[in-house]
Amino acid sequence: MAETAATTGSGPADGAAPGPVTEVTAAGIARLAGVGRAAVSNWRRRHTGFPRPVGGTETSPTFALADVEHWLRAQGKLAEVPLRERVWQQLVSHPAGAATALRHAGAVLLFVRDRPSAWRELNEAADDTELAGMLPAVLASVLTAHLGPHHPVHGLTRDALLPSAALVRATAELAAGEDGAVPAFEFLLGRHLDANPRQYTLTPPGPAALMAALAGPARTVLDPASGTGSLLDAAADTAEDTAELYGQEADPDLAALTALRLALHAPAAQVRVHAADTLRADAFPQLAADAVLAHPPFNERNWGHDELAYDPRWEYGFPARTESELAWVQHALARLREGGTAVLLMPPAAASRRSGRRIRADLLRRGALRAVIALPAGAAPPYGIPLHLWVLRRPGAAAQPSPHLLVVDTAALGAGGAPGRDKPDWQAVRTTALEAWEAFDRDGGIAEQPGVRRSLAAIDLIGDDVDLAPARHLPPPSAAGGLAELATVRQRLATTLSRTAELTPETAGGPDTAPARWPLTTVGELARAGALVLRAGGPGTATADAVPAVLTEHDVIGGTAPSGALPEGGAAPAEEPVLVAAGDVVVPVLGGGAVARVVDEATAGAALGRNLFLLRPDPAALDPWFLAGFLRGTANTRQASSYASTATRLDVRRLQLPRLPLADQLRYGRRFRELAAFEETLRLAARLGEQLVQGLHDGLTDGSVTPG
């Protein structure tokens, strides 16, 4: 959870009236100073002059931001609080809450963007009280021009805006420094969303852009579950300049922020966003949109089943209580013009649940459901399951005589690893899905590609279950690429097994050889002496200039290439990742295993993932292979491990190795490198063996391989 702040009263200064005091937590102080939270804890213990808490709790105290700034500057730890941080702390300390403050800031940014000279005159001529009195009228004019007379950005009165006067001035200054109002608002909105991750379900940029592309260019676009506006924002990028963007969101704060975001991003568009429950209180009952995009809530039981039984939107059947997603599907179709396209992000269960089979059958029979596209796991929340995209089209007066359904499976294009941690290859997913859909939409059918795509006659799908999961209707690819590929795998396996025999290490020493008694040192002592640098893997963020792959703990343990991806920086400031270099030693700290990997040239440049420590030895003092080899000793990892109720964690600083001259280190290092080569060959043999076995199973079962 990101840092929080609160507001307390303070005494008057120089005759001024009491005002709100911006408070900041230890996490906020760490962010200001560019250090970790542990450093802030050390400052509190070691420096008697460190500001005392003014609020919060004993375990999570808060401090006056002004006092903290003064102390940091006096200690030489802060030259000036970055404007971004100052604005953010003002926003989260707003007496009416961060969402209200963000509404005020967004409305003023819209005014600044549209009428920069009018803002400058108002800002320079008015004090805070006068500014708060003048803003309601000008903001109402700007908001009505973009959002219509019934926009959701309410409560912009003098009394409401007075506590925001300093915030909106600083926000306007931030816009000047951020090259515009849009980046400034995106930064503040992104921070707010990051600080409340459980409150909002976000649609990532990858699926949002794909959904907009599948819908195609449209002048009128509706998102009936608009959330933060990601789908409408993506649609605006491909829509006409005079686009009409309609959104509806049950959360009033989110509806207001979405309206402001869209007005800032698409200044020429007509934006209409309403705050209400879409299924129970449709805000656009007469709309006939060119496109509908939606990421509806999943598995809702209280969606209005009891009170909406006779609603005219259920043209394809009344959804069961457990089929809220099919209610959203039919709402989307009801708000399309004839021939309009809807794209919905759906849970995979919606394609196969028995309770929805009659509605799915009618959608197919009448040609409304045109495509089901399976996405890789990790595409969007919930990240643990491979979601589907449903592409629908409102049938015209003349029904399609022989409707077909396109099924596409892009699950194999995932990046691998833990769900939500590694990202799918969105360029490959987008290309695969769009090429299939555009060809199918143009020609009414498509050439089959085993394991990837297929066009199916609707009549063939209307059976007992009407199961539309793409994987169940796609023929598998030929076994491991065919017989030629299997023969290649077999030859590689034979070569690798021969190589394994050659690399099998011999043992030296006899049964009576006594263990050596070397003088020992620890990684912590070596780090303090400058013989190595110790760095922890972190959550660094990707930037537009550098998006390195991430070396994860699974990669280190499995000996594989970096497979992770950095989270996108979004609106927040990018955090520099720790990049590995050739000769570094990487150690996982969870699980209690004896693993240490020397980074080679192929892995160099990757970002260090979570739960990993990097040890960068000084080559004049330490050989990396000697270091890695001794760190892997079972007794060594056992004495350096701590135990919790559910996990074992390695204290890297307590790992030991002998004090040996560099020449002796190099002798051990050569031996450890030979063991590493043998280990990698064993891994390769195991992978090739598994590939050959599975390929032969697949070939024998699909007929491409005969028993012989």
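Just so we're clear, the structure is a prediction, and the values are computed from it rather than from any experiment.

### Regarding the overall build of the protein chain
Alright, step 1. When helices and strands are tallied, the protein chain shows 23 helices and 24 strands.
Alright, step 2. Looking at the protein chain as a whole, 48% of its 708 residues qualify as buried.
Alright, step 3. For the protein chain, contacts bridging at least 24 residues in sequence account for 72% of all contacts bridging at least 6.
Alright, step 4. For the protein chain, the accessible surface area stands at approximately 33000 Å², while carbon and sulfur atoms represent 52% of it.

### Description of the nonpolar core
Alright, step 1. Grouped together as the largest cluster of nonpolar side chains are 94 residues, with contacts concentrated most on Leu-91, Leu-135, Leu-210, Leu-214, Leu-293, Leu-375 and Leu-389.
Alright, step 2. When we break this core down by domain, the ones giving at least three residues each are domain 2 (84-195) and domain 3 (205-472).
Alright, step 3. Core analysis: the second largest hydrophobic core is formed by 42 residues, Trp-314, Leu-344, Leu-363 and Trp-390 among them.

### Examining the packing of helix H5 (residues 98-114) against helix H9 (residues 165-177)
Alright, step 1. At their nearest, the axes of H5 and H9 sit 9 Å apart, and the two run at 50° to each other. Looking at the two axes, H5 sits oblique to H9. The two elements H5 and H9 meet at a crossing, and its hand is right-handed. Mapping the contact onto sequence places Ala-101, His-104, Ala-105, Val-108, Leu-109 and Val-112 in H5 and Leu-167, Val-168, Thr-171, Ala-172 and Ala-175 in H9.

### A word on the pairing of strand E8 (residues 289-294)
Alright, step 1. Burial runs high along E8: six of the six residues are buried.
Alright, step 2. As paired elements, strand E5 (residues 220-223) and E8 share two bridges and run parallel to each other. The residue of E8 that forms the bridge with Leu-222 is Val-292.
Alright, step 3. The parallel pair E8 and strand E9 (residues 336-346), bridged by helix H14 (residues 324-334), forms a crossover whose chirality is right-handed.

### Describing empty space enclosed by the protein
Alright, step 1. All chains considered together, the criterion is met by one cavity of 30 Å³ or more.
Alright, step 2. Within this model, the largest cavity holds a volume of roughly 50 Å³.
Alright, step 3. The residue inventory of the lining of the largest cavity, partitioned by class, reads nine nonpolar, two polar and no charged.

### Looking at the sheet that holds E5
Alright, step 1. Read from one edge of the open sheet, nine strands run E7-E6-E5-E8-E9-E11-E10-E12-E13, paired in mixed fashion. The sheet terminates laterally at strand E7 (270-275) and strand E13 (453-457), the two strands that pair on one side only. Averaged over all pairs of adjacent strands, the angle between strand axes in this sheet comes to 15°, irrespective of strand direction.
Alright, step 2. Of the strand pairs in this sheet, strand E10 (residues 369-374) and strand E11 (residues 388-393) are connected by five bridges, and their pairing is antiparallel. Bridging from a neighbouring strand, Ala-374 pairs with His-388 of E11.

### Description of the packing of aromatic side chains
Alright, step 1. According to the stated counting rule, one finds 13 aromatic pairs in the structure shown.
Alright, step 2. Here Trp-518 and Tyr-668 contribute two aromatic rings whose centre-to-centre distance is 5.9 Å and whose plane-to-plane angle is 85°, an arrangement assigned as edge-to-face. Of the two residues, Trp-518 sits in the loop between helix H18 (483-503) and strand E14 (520-522) while Tyr-668 sits in helix H23 (residues 662-702), which places them 150 residues apart along the sequence.
Alright, step 3. Exposure remark for Trp-518: the relative accessible area of 32% places this residue in the partly exposed category.
Alright, step 4. Geometry around Phe-187 places Arg-84 over its ring, the cationic atom sitting 4.3 Å from the centre.

### Focus on H9
Alright, step 1. Between the first and last C-alpha of H9 there are 19 Å, a value that for 13 residues agrees with the 18 Å anticipated at 1.5 Å per step.
Alright, step 2. What H9 keeps buried is the set Ala-165, Leu-167, Val-168, Arg-169, Ala-170, Thr-171, Ala-172, Leu-174 and Ala-175.
Alright, step 3. Contact partners of the buried residues in H9: helix H4 (83-92), H5, helix H6 (116-125), helix H7 (128-147), helix H8 (158-161) and helix H10 (181-195).
Alright, step 4. Just past H9, the residue Asp-179 takes up positive phi, approximately 65°.

### Brief notes about the packing of H5 against H10
Alright, step 1. It is the contact of H5 with H10, at a shortest axis distance of 10 Å, that shows an interaxial angle of 170°. When the axis of H5 is compared with that of H10, the two are roughly antiparallel. Residues Ala-98, Ala-99, Leu-102, Ala-105, Gly-106, Leu-109 and Arg-113 of H5 touch H10, and the partners they reach there are Ala-181, Ala-184, Phe-185, Leu-188, Leu-189 and His-192.
Alright, step 2. Residues that form the contact of H5 with H10 fall into these classes: ten nonpolar, two polar and one charged.

### Side note on helix H21 (residues 624-631)
Alright, step 1. Most of H21 is tucked away: eight of the eight residues are buried.
Alright, step 2. Every buried residue of H21 is accounted for by Pro-624, Trp-625, Phe-626, Leu-627, Ala-628, Gly-629, Phe-630 and Leu-631.
Alright, step 3. Here H21 starts with a cap whose side-chain oxygen sits 3.3 Å from the backbone nitrogen of Trp-625, and that cap is Asp-623.

### Description of unusual backbone geometry
Alright, step 1. The omega torsion across Pro-381 and Pro-382 is 0°, close enough to zero to call that bond cis.
Alright, step 2. In this fold, Pro-382 is placed in the loop between E10 and E11.
Alright, step 3. You will see that Asn-299, though not glycine, has its phi angle at about 55°, which is positive.
Alright, step 4. On the secondary structure map, Asn-299 appears in the loop between E8 and H14.
Alright, step 5. Given a relative accessible area of 46%, Asn-299 falls into the partly exposed group.
Alright, step 6. If you check the backbone angles, Val-466 has positive phi at about 50° while not being a glycine.
Alright, step 7. Summarising the element assignment, Val-466 is placed in the loop between helix H17 (458-461) and H18.

### Structural notes on the side chain of Arg-261
Alright, step 1. Position of Arg-261 relative to the elements: it lies in helix H13 (residues 252-265).
Alright, step 2. If we ignore the near neighbours within four places in the chain, the residues touching Arg-261 are Phe-185, Glu-186, Leu-189, Thr-228, Gly-229, Ser-230 and Asp-233.

### Observations concerning the sheet that holds strand E21 (residues 612-617)
Strands belonging to one sheet form pairs held by backbone hydrogen bonds; the direction of such a pair is parallel or antiparallel.
Alright, step 1. Strand order in the open sheet formed by four strands is E15-E21-E18-E19, and the pairing between neighbours is antiparallel. Strands at the two margins of the open sheet, each flanked by one partner only, are strand E15 (532-536) and strand E19 (597-598).
Alright, step 2. Note that E15 and E21 share five bridges and pair antiparallel. Looking across to E21, one finds that Arg-535 is bridged to Leu-614.
Alright, step 3. Sheet strands in contact with H21 are E15, strand E18 (585-588), E19 and E21, and its direction is about 15° off that of E18.

### Regarding the confidence of the model for the protein chain
Alright, step 1. Confidence in the prediction of the protein chain, expressed as mean pLDDT, is 85, and 88% of residues score 70 or more.
Alright, step 2. Taken together, the stretch residues 416-421 has pLDDT below 50 and engages in nine contacts with residues farther than four places along the chain or on a different chain.
Alright, step 3. Confidence drops under a pLDDT of 50 for residues 569-574, and excluding neighbours within four residues, the segment shows 16 contacts in the predicted structure.

### Description of the pattern of salt bridges
Alright, step 1. Counted by the stated rule, this structure contains 35 salt bridges.
Alright, step 2. Between Arg-632 and Glu-679 there is a salt bridge, with the nearest N and O atoms lying 3.1 Å from each other. Placement of Arg-632 in the loop between H21 and helix H22 (634-639) and of Glu-679 in helix H23 is noted, with a sequence separation of 47 residues between them.
Alright, step 3. Judged by relative accessible area, which is 33%, Arg-632 ranks as partly exposed.
Alright, step 4. In this structure, a network of salt bridges that share partners links the residues Glu-315, Asp-362, Arg-365, Arg-366 and Arg-394.

Rules and cut-offs
Residues numbered from 1 in each chain as written. Predicted model: local features only at pLDDT ≥ 70, side-chain atom pairs only at ≥ 80, totals over all residues. Heavy atoms only, no water. Helix = DSSP H or I, 4+ residues; strand = E, 2+ residues; numbered from the N terminus. Buried < 20%, exposed > 50% of the residue type's maximum accessible area, 1.4 Å probe, protein only. Contact = heavy atoms within 4.5 Å. Areas by Shrake-Rupley, 256 points an atom, 1.4 Å probe, with all protein chains shown as cover. Core = buried A, V, L, I, M, F, W, Y, C linked by side-chain atoms within 4.5 Å. Domains from an automatic or database assignment. Axes fitted to C-alpha atoms, helices over the stretch in contact; angles between N-to-C directions. Parallel < 35°, antiparallel > 145°, perpendicular 65-115°, else oblique. Left-handed = near helix turned anticlockwise from the far one by under 90°. Pairing = 2+ DSSP bridges. Right-handed = clockwise from strand over helix to strand, strands pointing away. 1 Å grid on protein atoms, 1.4 Å probe; cavity = no way out; pocket = protein on both sides within 12 Å on 5 of 7 lines; lining within 4 Å. Points joined across faces, edges and corners; volume = space filled by probe spheres on them. Nonpolar A, V, L, I, M, F, W, Y, C, P; charged D, E, K, R; others polar. Phe/Tyr/Trp six-rings, centres within 6.5 Å; stacked < 30°, edge-to-face > 60°. Lys NZ or Arg CZ within 6 Å of the ring centre and 35° of its normal. Expected span 1.5 Å × (residues − 1). Polar contact = N/O pair within 3.5 Å; in protein donor to acceptor, adjacent residues only side chain to side chain. pLDDT = per-residue confidence, 0-100. Salt bridge = Lys/Arg side-chain N within 4 Å of Asp/Glu carboxyl O.

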